[in-house]
Amino acid sequence: MTQLFARTRAPHALTVARPHRPADVPIRAGVATAEAAPVVERVAVDRAGRTTVEATSAATRPPGVEVVVASAALDDVTLLRSAASADTVRIRYSPTLATPTAVDVLVAVLEGHLLATGRQRGDVRVVLEVETVVADDETDAARRRANLSYAEAFSGLAWRPSSTWLVGTPDRVRADAAALVAATGVDAVVLALVGCSREHADRLATSTPTAA
């Protein structure tokens, strides 16, 4: 089934991710209070492994239209024309869109629709959103992958969603995300940080970028 959601937003305005720093501590009525740092839920990685934080608040996003493709048939002309007229196209893996190759084919077909409407590839930002788990080290990453496989073995699902997840240390996640950008033709891979991984967004920002 094709799922299409259009929103008046363009989350391609990104700010550079930096390590969390202690907030300024204002003094109010003689009591020191600290403002909590905002929780980072999504981090975008480009082809070179550079990391940027994706805005999550509607107030910080410029106006625009985003189309989310959660599953797609390549002959769904209505969907692809809607995506071709958007400012941002966000692709998510699904049982019918389950591999980087499938995403690459979808992006190529989308480019054809862009050209047919008189637009260029650079007129729309295409991102691939991937569920991501940040691990402390390689041993922790192996444990987390094993836990995911164990849980799915008893889920009864015909499709294994975790096969598309990125699980690893910050350096490994960034490198894998950059490789996905190159393999799928998207402009960036957006890491949707799962659970406690959101607390480690700063580690993604301070890792060493891969070579372009």
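Look above for the structure.
Rules behind the numbers
- Per chain, residues are indexed from 1 in the order of the written sequence.
- Side-chain atom pairs in this predicted model are given and counted only at pLDDT of 80 or more, local residue features only at pLDDT of at least 70, and totals for whole chains, interfaces and linings cover all residues.
- Hydrogens and water molecules were not included; the side-chain quantities draw on all heavy atoms of the structure.
- Whenever Lys or Arg places a side-chain nitrogen within 4 Å of a carboxyl oxygen from Asp or Glu, that contact is recorded as a salt bridge.
- In this text, helices come from DSSP runs of H or I with a minimum length of four residues, and strands from runs of E with a minimum of two, each type numbered from the N-terminal end.
- Residue burial is assigned from relative accessible area. The probe radius is 1.4 Å, only protein chains are included, and a residue is buried under 20% of its type maximum, exposed over 50%, and partly exposed in between.
- Buriedness for pockets is judged along seven lines, at least five of which must meet protein on both sides within 12 Å for an open set on the 1 Å grid over protein atoms alone, while cavities are sets there where a 1.4 Å probe fits but cannot get out, and lining residues have an atom within 4 Å of a point.
- Grid points are joined across faces, edges and corners, and a volume is the space filled by probe spheres set on the points.
- Under the scheme applied here, ten amino acids are nonpolar (Ala, Val, Leu, Ile, Met, Phe, Trp, Tyr, Cys and Pro), four are charged (Asp, Glu, Lys and Arg), and all others, including Gly, are polar.
- Pairing between strands is defined by DSSP: at least two bridges between them are needed.

It is worth spelling out the pattern of salt bridges at this point. Counted by the stated rule, this structure contains 14 salt bridges. We note a salt bridge from R90 to E66, for which the minimum N-O separation is 3.1 Å. You can see R90 sitting in strand β8 (residues 88–92) and its partner E66 sitting in strand β7 (residues 65–69), a full 24 residues away along the chain. Each member of the pair R90 and E66 is classed as buried. Linking D140 and R143 is a salt bridge whose minimum nitrogen-to-oxygen distance equals 2.5 Å. Taken together, the residues span about one helical turn, with D140 and R143 both in helix α3 (residues 138–153) at a distance of three residues. A cluster of three or more residues bridged by salt bridges with shared partners is formed by E41, R42, E54, E66, R90, R92 and E129.

For the rest of this paragraph, the subject is the layout of surface pockets. By volume, the second largest pocket amounts to about 220 Å³. What lines the second largest pocket is a set of 14 residues, among which S162, S163, T164, W165 and L166 lie closest to the centre.

Any space left empty among the atoms is revealed by the rolling of a water-sized probe across them. A full pass over the atoms with the stated rule returns one cavity of 30 Å³ or more. In this model, the largest cavity occupies a volume close to 40 Å³. Along the walls of the largest cavity sit V69, L80, V89, I91, L106 and L110, which together make up its complete lining. Elements with a minimum of two residues in the lining of the largest cavity: β8 and α2 (100–116). Taken together, the residues that form the lining of the largest cavity break down as six nonpolar, no polar and no charged.

Turning our attention to the environment of A102. Checked against the element boundaries, A102 lands in helix α2. Taking the C-alpha atoms as reference points, A102 and T184, 82 residues apart in sequence, are found 8.2 Å from one another.

Burial runs high along β7: four of the five residues are buried. Strand direction decides the pairing type here: β7 and β8, joined by four bridges, are parallel. Residue pairing across strands places E66 opposite T88, the latter belonging to β8.

Limitation: the analysis is restricted to geometry and does not speak to function.
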